[in-house]
Amino acid sequence: QVQLVESGGGLMQPGGSLRLSCVASGFTFSTYTMSWYRQAPGKERELVAAIISIGGLTNYANSVKGRFTISRDNAKSTVYLQMNSLKPEDTAVYYCKARNTGRDYWGQGTQVTVSS
């Protein structure tokens, strides 16, 4: 059974940091491209960051470049999103996604709220 379980969300003041984790099971994690998406109220889900299976090549949305860092630990089947210098506009539900040819798996999401 495939599972992606996100954690680490919460309430943070502007300028603060959070680290999200996504633990995967039920598939060969190391062969999947892993991504973080987010969806704010009334908006479409958008790609935040992605990291390929081998080599660690990453890609970021322009809105988070220089502030967020995606990383993965294949031995732990876990992908992380380090979020620094958080802004109110980062408030959203953050989702983890695993992708391989013809297969996409999603987590249930974790809420991140940035507010003073």
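Heads up: these notes are all about the structure in this document. On a predicted model such as this, the values are computed, not experimentally measured, just so you know.

## Topic: the pattern of salt bridges
For step 1, the next point in the chain: In the structure shown here, the tally under the stated rule is 5 salt bridges.
For step 2, the next point in the chain: The shortest N-O distance in the salt bridge between Asp90 and Arg38 comes to 2.9 Å. Remark: Arg38 occurs in strand 4 (residues 33–39) and Asp90 occurs in the loop between strand 8 (78–83) and strand 9 (92–100); sequence separation between them is 52 residues.
For step 3, the next point in the chain: By relative accessible area, Asp90 is classed as buried at 0%.
For step 4, the next point in the chain: The exposure class assigned to Arg38 is buried, which follows from its relative accessible area of 6%.
For step 5, the next point in the chain: Ionic pairing is found between Lys97 and Asp104, a salt bridge with its closest N-O pair at 4.0 Å.
For step 6, the next point in the chain: Among the residues examined, Lys97 registers a relative accessible area of 6% and is labelled buried.
For step 7, the next point in the chain: Within this structure, Arg38, Glu46, Arg67 and Asp90 form a network of salt bridges that share partners.

About the criteria used
- Residues numbered from 1 in each chain as written.
- Predicted model: local features only at pLDDT ≥ 70, side-chain atom pairs only at ≥ 80, totals over all residues.
- Heavy atoms only, no water.
- Salt bridge = Lys/Arg side-chain N within 4 Å of Asp/Glu carboxyl O.
- Helix = DSSP H or I, 4+ residues; strand = E, 2+ residues; numbered from the N terminus.
- Buried < 20%, exposed > 50% of the residue type's maximum accessible area, 1.4 Å probe, protein only.

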